[in-house]
Amino acid sequence: MFFELTDLLTCPRCGPASGLVLLVQELEGRRVHRGWLGCPNCRQDYPVEGGVANLRLDRDAPPVARPPVEGEELALRIVALSGMAEEKGYLLLDERLAHVAPDVLELAPELEVIVVREAADDSAEQHGISRVLSEVRFPLGGYQLRGVAIAPGGDRELVAAAARLVGTGGRLVLIDASVGDLEEVERAGLSVIAAAADTAVAERISDPVTVVKLGKRA
Ligand SMILES: [Zn+2]
């Protein structure tokens, strides 16, 4: 896990208002191999083991595995639609896209790819990929990410949770998206700028504060 990711993570129990503090036990360069993430509010501790931040609230409960999305040149589509091929910054992938994280990184090596999934897998620790386990979508502060890519497949709650992460000028890439998913994107204040078949990309054009003000006036 990338050291600076700590600034984005929030306590899954307390919600987006509570950030976490990091206690490092083993650091390799700027990556945390082993340590603890602690919530100053509820005092819950979350382990970082083998570079993976485990923010699951019930570590013993069997995780719900969602089937990965298969598709030709999936990583290429994600990178192109996010507009982040040449950029530094965070790009978050959800559970169903997690398997293409290494391919995404190969296409856009300056990125830090954040993978949030419920189920642990046996992926090796890799520079440029921060893995977070969580049954809460998503334990990160709002409006801070440049890119988020998800495969909702009709899961509108997932769309709303992912849209909240996208900062001004940032993009939400949707693979396997339904018409309802795109409605949810617009409801969350993002604008769909391109859509074809089950793939779409949306952008947060105005900042959320402005959206609230305009909404009140109307
Ligand atoms: Zn907490």
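Residues numbered from 1 in each chain as written. Predicted model: local features only at pLDDT ≥ 70, side-chain atom pairs only at ≥ 80, totals over all residues. Heavy atoms only, no water.

With that settled, consider the domain arrangement of the protein chain. Parsing the protein chain into structural domains produces domain 1 (3-54) and domain 2 (74-217). Computed from C-alpha atoms alone, the centre-to-centre distance between domain 1 and domain 2 is 21 Å. Each partner contributes to the interface: domain 1 provides 15 residues, whereas domain 2 provides 19 residues. Here domain 1 and domain 2 share an interface that buries about 1,500 Å² over both sides, 56% of which is from carbon and sulfur atoms. (Domains from an automatic or database assignment. Contact = heavy atoms within 4.5 Å. Buried area = accessible area lost by both parts, 1.4 Å probe.)

Once that is clear, we can look at the coordination of the zinc ion. Protein coordination at the zinc ion: the donors are C11 (SG), C14 (SG), C39 (SG) and C42 (SG), at 2.2 to 2.4 Å from the metal. Considering all four donor atoms around the zinc ion, the spread of angles at the metal, 103 to 114°, places the coordination shape in the tetrahedral class. Motif for the zinc ion, donor spacing along one chain: C-x2-C-x24-C-x2-C. The exposure class assigned to C39 is buried, which follows from its relative accessible area of 3%. According to the relative accessible area criterion, C42 is partly exposed, its value standing at 25%. (Donors = N, O, S within 2.8 Å, 3.2 Å for Na, K, Ca; no water. Tetrahedral: all angles 85-135°; square planar, octahedral: opposite > 155°, others 65-115°. Buried < 20%, exposed > 50% of the residue type's maximum accessible area, 1.4 Å probe, protein only.)

Working note: α-helix, 3.6 residues per turn, so residues spaced by three or four point in the same direction. Taken residue by residue, helix α3 (residues 156-165) has L158, V159, A161, A162, A163 and L165 as its buried positions. Buried residues along α3 sit in contact with β5 (89-93), β8 (145-150), β9 (166-174) and α4 (179-187). Measuring from the side-chain oxygen of the N-cap residue of α3 to the backbone nitrogen of E157 gives 3.2 Å; that N-cap residue is D155. (Helix = DSSP H or I, 4+ residues; strand = E, 2+ residues; numbered from the N terminus. Polar contact = N/O pair within 3.5 Å; in protein donor to acceptor, adjacent residues only side chain to side chain.)

It is worth spelling out the packing of aromatic side chains at this point. This structure, assessed with the given rule, holds one aromatic pair. Taking 6.4 Å as the distance between ring centres and 55° as the angle between the ring planes, the aromatic pair formed by F2 and Y90 counts as tilted. Of this pair, F2 sits in the segment before β1 (21-28) while Y90 is found in strand β5, placing the two residues 88 residues apart along the sequence. With respect to class, F2 is no different from Y90; both count as buried. (Phe/Tyr/Trp six-rings, centres within 6.5 Å; stacked < 30°, edge-to-face > 60°.)

Together, F3, V24 and L27 make up a nonpolar patch on the protein surface, roughly 230 Å² of accessible area in all. Mapping F3 onto the fold places it in the segment before β1. (Patch = residues over 30% accessible without salt bridge, like charges linked within 9 Å, V, L, I, M, F, W, Y side chains within 5 Å. Areas by Shrake-Rupley, 256 points an atom, 1.4 Å probe, with all protein chains shown as cover. Salt bridge = Lys/Arg side-chain N within 4 Å of Asp/Glu carboxyl O.)

Moving on, we get to the pattern of salt bridges. The final tally for this structure, using the stated rule, is 13 salt bridges. One salt bridge connects R31 with E112, and the closest N-O pair in it is separated by 2.7 Å. Placement of the pair is R31 in strand β2 (residues 31-38) and E112 in strand β6 (residues 111-117), with a sequence separation of 81 residues. Here R31 matches E112 in class, with each residue buried. Where salt bridges share partners, they join R156, E183, E184 and R187 into one cluster.

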